[in-house]
Amino acid sequence: MNRRTIRTAAVTALLAALLAAGLILNVNTGAVDIPTGEIFALLGKGLRLRVLALLNPDRYGEALTAFLTGSTEARVLFSIRLPRLLLAAVLGGALAVSGLLLQSFFRNPIAGPFVLGISSGAKMLVSVTMIFLLKDISTMNSGVMVLSAFAGSLLVTGVVLLFAQRVRNMSMLLVIGIMVSYLCGAVTDFCVTFADEHNVANLTSWSMGSFSGASWNAVGVSAAICLPCLALAWLLAKPIGAYALGEGYAQSLGIHVRAFRVCLILLSSLLSACVTAFAGPISFVGIAIPHITKSLLNTSRPAVVIPLSFLTGAVCCVYCDLLARTAFAPTELAISTVTSAFGAPVVIYMMVKRRGREQ
């Protein structure tokens, strides 16, 4: 094996170990202490009963229900902690890949769902749907949340694309994204003005970003959306690598650039919309994680960077969620508070380093 392959394998093993450790820490940390040995015993028994219940529901259905509700440890593990950490892992990885795709599309290292206002657009349309169309957040299912967030993401992406065709300066595009984000925030605040107190409280809690509302339904829907999008993004790895060298070079390889650009935007918007729908807007993960992954691997090859960005994003959000809920327990921090604290210095360093190269 060459040096690059060894480095990739080592980084993959390190990230996998960190993710496994993070999952155990998340499951074991909280008001209810569950020893590590008991965690594996409960997981083994729960999975075995789940499989048996699927094969023979009449015989094992009641046994599964009794197990899941029989002890405090089992209820906490399967109803609260396990769905939450799995959702954090899936959505963290999705946000990292979304940022990577946007950076590839704009050929801009600071492009990302949060900076370009895409997350704000998703938040805006979800707010409009919650307050004016459904009147009550409790009647909003996961499908409506994802569709609303996706439509808002596409709306803002379209606006940014219109400006991107005329503005080639990276700093100017960043300013435009921030201004679009402010406009979306103004619309959201306008909606909140006419909402009742119940919806205002729920919307405010959701908009701060958190995995606390995780459920098995949310995990299933997010995995059903994000994992196929990850697979499609990986299949586009070769065109992404060619596109990074210029549109002319991509066309010379037979790539239909317009269709390719549409695919990138749809995939990145759907990934960021899924994150916003289930966890609210989360900042800096989409910008910082792709750069951290490339630095770890010392390569920009999309076929390698895409899956490992997903893994790095999962590790980041699992540990950030652990800090968010335990650092000042019983008070829980918003997830964006923690990701901003770690992500903002990375972005500042990246921009200073890039500025130094340009000079």
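That block above? That's the structure.
Only a predicted model underlies this, so the values are computations on that prediction, with no experimental measurement involved.

*Asks:* How would you sum up the packing of aromatic side chains? Please name residues and give values.
*Replies:* The final tally for this structure, using the stated rule, is 1 aromatic pair. Seen from their ring centres, Y243 and F260 are 5.2 Å apart, and the 55° between their planes marks the pair as tilted. Highlighted residues: Y243 in helix α10 (residues 237-243) and F260 in helix α12 (residues 257-279), separated in sequence by 17 residues. The pair Y243 / F260 is uniform in exposure class, with both members buried.

*Asks:* A description of helix α9 (residues 216-235) should follow, citing residues and the corresponding values.
*Replies:* The end-to-end C-alpha separation of α9 is 28 Å, in line with the 28 Å expected for 20 residues at 1.5 Å each. A223 marks where α9 bends most, by close to 25°.

*Asks:* Now, about the packing of helix α4 (residues 72-106) against α9: what can you tell me, with residues and values included?
*Replies:* The relative placement of two packed helices comes down to the angle between their axes together with the axis-to-axis distance. Running from amino to carboxyl end, α4 crosses α9 at an angle of 25°, the nearest separation of the two axes being 9 Å. Here α9 runs roughly parallel to α4, going by the angle between their axes. In the packing of α4 onto α9, the handedness of the crossing is left-handed. Only W216, A218, V219, S222, A223, C226, L230 and A233 of α9 make contact with α4, whose side of the interface consists of F78, L82, P83, L86, L87, V90, L91, A94, V97 and L101.

*Asks:* How would you explain α12 if you had to name every residue and give the values?
*Replies:* Over its 23 residues, α12 runs 33 Å from end to end, which matches the ideal 33 Å to within 8%, given 1.5 Å per residue. Of the residues one or two after α12, G280 is the one with positive phi, at around 80°.

*Asks:* Outline the layout of surface pockets, supporting the account with residue identities and numerical values.
*Replies:* In this structure, the largest pocket spans a volume of roughly 900 Å³. Contributing to the lining of the largest pocket are 29 residues, with Q103, P109, H291, K294 and S300 lying nearest its centre. Elements with a contribution of two residues or more to the lining of the largest pocket: α4, α10, α13 (285-297), α14 (302-326) and α15 (335-358). Examining the composition of the lining of the largest pocket, we find that 6 residues originate from one element, α15, more than from any other.

*Asks:* How would you explain a nonpolar patch on the surface if you had to name every residue and give the values?
*Replies:* Nonpolar side chains collect at one region of the surface, where M172, V175, I178, M179 and Y182 lie side by side and expose about 490 Å² of accessible area between them. Among the secondary structure elements, I178 is positioned in helix α7 (residues 170-193). Look at I178 and you get partly exposed, because its relative accessible area is 32%.

*Asks:* Tell me about the nonpolar core, and please be specific about residues and values.
*Replies:* With 84 residues, the main nonpolar core has L91, V97, L101, F106, F211, I282 and I306 as its most contacted residues. With 14 residues, α4 is the single largest residue contributor to this core. If we ignore the near neighbours within four places in the chain, the residues touching I306 are V97, L100, L230, A233, W234, A237 and I240. A53, L64, A74 and L85 belong to the second-largest nonpolar core, a separate cluster that totals 13 residues.

*Asks:* Residue-level account of the pattern of salt bridges, with values.
*Replies:* Across all of its chains, the model carries 2 salt bridges by this definition. Put simply, E332 and R84 hold a salt bridge, and the shortest N to O gap is 2.7 Å. With E332 in the loop between α14 and α15 and R84 in helix α4, this residue pair connects regions lying 248 residues apart in the sequence. Residue E332 is classed as partly exposed on the basis of its relative accessible area, which comes to 33%. Given the relative accessible area of 10%, R84 is considered buried. When salt bridges with common partners are traced through the structure, they connect R84, D321 and E332 into a single cluster.

*Asks:* Which residues make up the environment of L91, and what values do they have?
*Replies:* Structurally, L91 is set in helix α4. What makes L91 buried here is its relative accessible area of 1%. Every residue in contact with L91, bar those within four places of it in the chain, is listed here: F211, S222, C226, C274, V275, F278 and A279.

*Asks:* For the side chain of T8, give the residues involved together with the corresponding values.
*Replies:* Here T8 shows up in helix α1 (residues 3-28). Assessed through its relative accessible area of 17%, T8 is described here as buried. Once you skip the residues sitting within four places of it in the chain, T8 turns out to touch L297, V304 and L308.

*Asks:* Account for the packing of helix α2 (residues 36-55) against α4, naming residues and giving values.
*Replies:* Interaxial distance between α2 and α4 falls to 11 Å at its minimum, and their mutual angle equals 80°. The orientation of α2 with respect to α4, classified from their angle, is roughly perpendicular. Touching E38, I39, L42, L43 and G46 of α2 are E73, A74, L77, F78 and L82, all from α4. Along the lines of polarity and charge, the residues of the contact of α2 with α4 split into 7 nonpolar, 1 polar and 2 charged.

Rules used in this analysis
- Residues numbered from 1 in each chain as written.
- Predicted model: local features only at pLDDT ≥ 70, side-chain atom pairs only at ≥ 80, totals over all residues.
- Heavy atoms only, no water.
- Phe/Tyr/Trp six-rings, centres within 6.5 Å; stacked < 30°, edge-to-face > 60°.
- Helix = DSSP H or I, 4+ residues; strand = E, 2+ residues; numbered from the N terminus.
- Buried < 20%, exposed > 50% of the residue type's maximum accessible area, 1.4 Å probe, protein only.
- Expected span 1.5 Å × (residues − 1).
- Bend = angle between axes of the 7 residues up to and from the residue.
- Axes fitted to C-alpha atoms, helices over the stretch in contact; angles between N-to-C directions.
- Parallel < 35°, antiparallel > 145°, perpendicular 65-115°, else oblique.
- Left-handed = near helix turned anticlockwise from the far one by under 90°.
- Contact = heavy atoms within 4.5 Å.
- 1 Å grid on protein atoms, 1.4 Å probe; cavity = no way out; pocket = protein on both sides within 12 Å on 5 of 7 lines; lining within 4 Å.
- Points joined across faces, edges and corners; volume = space filled by probe spheres on them.
- Patch = residues over 30% accessible without salt bridge, like charges linked within 9 Å, V, L, I, M, F, W, Y side chains within 5 Å.
- Areas by Shrake-Rupley, 256 points an atom, 1.4 Å probe, with all protein chains shown as cover.
- Salt bridge = Lys/Arg side-chain N within 4 Å of Asp/Glu carboxyl O.
- Core = buried A, V, L, I, M, F, W, Y, C linked by side-chain atoms within 4.5 Å.
- Nonpolar A, V, L, I, M, F, W, Y, C, P; charged D, E, K, R; others polar.

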